[in-house]
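Structure at a glance
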Amino acid sequence: MDTFFGQLCQQLINGISLGSIYALIALGYTMIYGIIKLINFAHGDIYMLGAYLGFFATTALGLSFFPAIIFAMVGAALAGIIIERVAYRPMRNAPRIAILITAIGVSFFLEYTMILFVSPQPRTFPSIFAATVYNMGPLVMNSQQLVILISAIILMTVLTYIVNKTKAGKAMRAVSFDADAARLMGIDIDRVISTTFALGSALAAAGGVLVGVYYNSIDPLMGMMPGLKAFVAAVLGGIGIIPGAMIGGIILGVVEALVSGFISSTFRDAAAFAILILILLYKPTGLLGKNVREKV
Amino acid sequence: MLQVKDINVYYGAIHAIKGISLEVSDGEIVALIGSNGAGKSTTLRTISGLMKPKSGSIIYDDKDITGKPAHKIVSMGLCQVPEGRRVFANMTVLENLEMGAYTRKDKDGIARDMKKVFESFPRLLERKEQLAGTLSGGEQQMLAMGRALMSKPKLLLMDEPSMGLAPLLVKEIFNIIKEINASGTTILLVEQNANMALSIADKAYVLETGRITLSGTAKELASSEAVRKAYLGG
């Protein structure tokens, strides 16, 4: 029984660190959906871009972890702003499906442009941290997991503060609730949308760097699966709802870790998508979603 | 203060506004009355910059604002209280009012106006930490008005402030509109409740299927046979 309990706690630790990365990516999905009702399928590729920016910051520029993650976040934020301006803004009044297809196009564009420039070969992410292993009784936590967890908590705290307390954050909530009413208050919605893309992309990039640190390997197609998983996490928590993305990400990570630990790691992805199917069947608005009131 | 000159507005292929001209002078209350679908809201949305006219011009404060984006028009002192209130239901009353002051940078002025809004609408003060979505219809209307006042408007556009409110509340809201006007804000009011609108307006226009069919002082219109028959219930 003791070993079972030990195993459970161990998988919880693994799951929470994996889940906090899903949460970081899911936040961008949910914020962008909240503001322009777009499932930004290129979001996973922004995460990949962030991982590469972090990689070059540490290898070519020789930066340490903290400046490297900031560098990646700023770079990805700029990329997010440019993508929105170039690809999505001209489609603002187009049918929803057209902009969704554009997002898939942007996703392919990012993936294959990266392959062109950095080759499809996986790269080894330099180990920025001495891989210290902390033993807490039977439980094992390594320094990477600790860094992931602490970084994710800091970033989510900062985001929550921005969204709830700053003028820009309040404007984001106003635009996401009612864009026309927000315009009538003098809010420049184009600017708010740019800010949202910048914030969401920066968080995804942070996730990318953290994954690089954790798995030590990055490649241009690395964003596909985590992108989909983060989408599942966002839907699980209730798409458009910021705390929902955090909770959804953590739950998804924990479920995956438990499935790999107790059943088989080959069922990991199946478990994630089973969650998507179940939530769509039984609570399509997500865990924190309320029944949507149709605006008249 | 505001001159709308021969504007034409389309919703896709539908010609919604067919050459409307109107004028609002400093300090007035001007009412735009007409039945559902006459184009009243579209006219306001066009003045506010939410829609662009195909032709014609809108002059506000001696500046041509035709086709200017909505958020720039607000910072010029022209603000709209939209139809159906459209408060940010997911935000607190206080945050809604802060959004009203979005274009302003004068912290002291904002604090002063916030106090004024709470004086005119004491019920908002009681509920200032509450989510706007939990307010009653009348309170939401007050919040929508307070929010617009936070932008320190010189010209306030109001779209159907009486919509969906109990008669007693309608009276209260109209009294507040009169007070707002008395304190120096010019008002352009769109209403289906022609009786109430004409009772407080200086001047009025009657809109029918995208055209202005009648105009004059509120008194003239209130006593006009055609208006009485069509809008005042005989």
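The following paragraphs examine the structure supplied in this document. (Residues numbered from 1 in each chain as written. Chains lettered and ligands numbered in written order. Predicted model: local features only at pLDDT ≥ 70, side-chain atom pairs only at ≥ 80, totals over all residues. Heavy atoms only, no water.)

Let's shift gears to the overall build of chain B. When you go through chain B residue by residue, the secondary structure sums to ten helices and ten strands. A compact globule built from 234 residues would reach a C-alpha radius of gyration of about 17 Å, and chain B, at 17 Å, matches this within 12%. Each principal axis of the C-alpha atoms in chain B carries an extent, and together these give about 45 × 40 × 30 Å. Burial statistics for chain B: of 234 residues in total, 56% are counted as buried. Sequence-distant contacts in chain B: of pairs separated by 6 or more residues, those separated by 24 or more amount to 66%. Summing over all exposed atoms, chain B offers an accessible surface of approximately 10000 Å²; the carbon and sulfur share of this is 50%. Averaging the coordinates of the 30 positive side-chain charges in chain B and doing the same for the 26 negative ones gives two points 3 Å apart. (Helix = DSSP H or I, 4+ residues; strand = E, 2+ residues; numbered from the N terminus. Rg over C-alpha atoms; globule rule 2.2 N^0.38 Å. Buried < 20%, exposed > 50% of the residue type's maximum accessible area, 1.4 Å probe, protein only. Contact = heavy atoms within 4.5 Å. Areas by Shrake-Rupley, 256 points an atom, 1.4 Å probe, with all protein chains shown as cover. Lys, Arg positive; Asp, Glu negative; His and termini not counted. Charge placed at Lys NZ, Arg CZ, Asp CG, Glu CD.)

Before going further, it helps to spend a moment on the packing of helix 9 (residues 224-237) of chain A against helix 11 (residues 268-282) of chain A. The angle between the axes and the distance between the axes are what describe a pair of packed helices. Residues and elements named next belong to chain A. At a minimum axis distance of 9 Å, the contact between helix 9 and helix 11 shows a crossing angle of 35 degrees. For the pair helix 9 and helix 11, the sense of crossing is left-handed. Together, Met225, Leu228, Lys229, Val232, Val235 and Leu236 of helix 9 and Arg268, Asp269, Ala272, Phe273, Ile275, Leu276, Ile279 and Leu280 of helix 11 make up the contact between the two elements. (Axes fitted to C-alpha atoms, helices over the stretch in contact; angles between N-to-C directions. Left-handed = near helix turned anticlockwise from the far one by under 90°.)

All names here are of chain B. On the basis of which strands lie adjacent, the open sheet formed by four strands has the order 2-1-4-5 and antiparallel pairing. Bordering the open sheet on either side are strand 2 (14-24) and strand 5 (63-64), each of which pairs with just one other strand. Bridge count between strand 1 (residues 2-11) and strand 4 (residues 55-60): five bridges; the pairing is antiparallel. Looking across to strand 4, one finds that Val4 is bridged to Ile58. Along the sheet face, helix 1 (residues 40-48) touches strand 1, strand 2 and strand 4 and points at about 110 degrees away from the line of strand 1. (Pairing = 2+ DSSP bridges.)

In this section: the interface of chain A and chain B. Each partner contributes to the interface: chain A provides 17 residues, whereas chain B provides 25 residues. Both faces combined, the contact of chain A with chain B buries some 2100 Å², and carbon together with sulfur accounts for 61% of it. On the chain A side of the contact with chain B, A:Lys167, A:Leu184 and A:Met185 bury the most area, a combined 34% of that side's loss. As a salt-bridge pair, A:Asp180 and B:Arg45 come within 3.2 Å of each other at their nearest N and O atoms. The tally of links from chain A across to chain B stands at five residue pairs in polar contact (both at pLDDT 80 or more). Breaking the side of chain A that touches chain B down by element, the ones donating at least two residues are helix 6 (167-177) and helix 7 (179-184) of chain A. Take the side of chain A that touches chain B: its biggest share by element is six residues, from helix 6 of chain A. The class makeup of the residues in the side of chain A that touches chain B is eight nonpolar, two polar and seven charged. (Buried area = accessible area lost by both parts, 1.4 Å probe. Salt bridge = Lys/Arg side-chain N within 4 Å of Asp/Glu carboxyl O. Polar contact = N/O pair within 3.5 Å; in protein donor to acceptor, adjacent residues only side chain to side chain. Nonpolar A, V, L, I, M, F, W, Y, C, P; charged D, E, K, R; others polar.)

The next thing to look at is empty space enclosed by the protein. To find leftover empty space, one rolls a probe the size of a water molecule over the atoms. All names here are of chain A. Tallying each qualifying case throughout the model produces one cavity of 30 Å³ or more. Roughly 30 Å³ of internal volume is contained in the largest cavity. Along the walls of the largest cavity sit Asn40, Ala42, Ile46, Gly80, Ile83, Phe197 and Ser201, which together make up its complete lining. Of all the secondary structure elements, the ones that give two or more residues to the lining of the largest cavity are helix 3 (65-88) and helix 8 (189-215). Counted by class, the lining of the largest cavity contains four nonpolar, three polar and no charged residues. (1 Å grid on protein atoms, 1.4 Å probe; cavity = no way out; pocket = protein on both sides within 12 Å on 5 of 7 lines; lining within 4 Å. Points joined across faces, edges and corners; volume = space filled by probe spheres on them.)

Most of helix 3 (residues 93-100) of chain B is tucked away, with six of its eight residues classed as buried. Every buried residue of helix 3 of chain B is accounted for by B:Val93, B:Glu95, B:Asn96, B:Leu97, B:Met99 and B:Gly100. Looking at the buried residues of helix 3 of chain B, the elements they touch are helix 5 (143-165) and helix 6 of chain A together with helix 4 (107-120), helix 5 (122-126) and helix 6 (137-149) of chain B.

The next point concerns the nonpolar core. Counting residues in each nonpolar core, the largest one holds 146 residues, and the members touching the most others are A:Tyr88, A:Ile187, B:Phe88, B:Leu124, B:Met145, B:Leu156 and B:Ile177. Top element by residues in this core is helix 8 of chain A. It accounts for 16 residues. Discounting residues that sit within four places of it in the chain, B:Met145 has contacts with B:Val81, B:Phe121, B:Met158, B:Ile173, B:Ile176, B:Ile177 and B:Ile180. If you look at the next biggest cluster of nonpolar residues, it comprises 28 residues, including B:Val4, B:Leu22, B:Ile47 and B:Ile65. (Core = buried A, V, L, I, M, F, W, Y, C linked by side-chain atoms within 4.5 Å.)

All names here are of chain B. With 13 residues, helix 6 extends 18 Å from end C-alpha to end C-alpha; this agrees with the ideal 18 Å at 1.5 Å per step. Most of helix 6 sits out of view: twelve of its 13 residues are buried. Looking at helix 6, one finds that the buried residues are Gly138, Glu139, Gln140, Gln141, Met142, Leu143, Ala144, Met145, Gly146, Arg147, Ala148 and Leu149. Elements that come into contact with the buried residues of helix 6 comprise strand 6 (78-81), helix 3, helix 4, helix 5, strand 7 (155-159) and helix 7 (167-182). (Expected span 1.5 Å × (residues − 1).)

Residue and element names in this part refer to chain A. Running from amino to carboxyl end, helix 2 (residues 43-59) crosses helix 8 at an angle of 55 degrees, the nearest separation of the two axes being 7 Å. Taken together, helix 2 and helix 8 sit at an angle that is classed as oblique. Here the hand of the crossing between helix 2 and helix 8 comes out right-handed. On the side of helix 2, the interface is formed by His43, Ile46, Tyr47, Gly50, Ala51 and Gly54, while helix 8 contributes Gly200, Ser201, Ala204, Ala205, Gly207, Gly208, Val209 and Val211. Here the residues of the contact of helix 2 with helix 8 sort into seven nonpolar, seven polar and no charged. (Parallel < 35°, antiparallel > 145°, perpendicular 65-115°, else oblique.)

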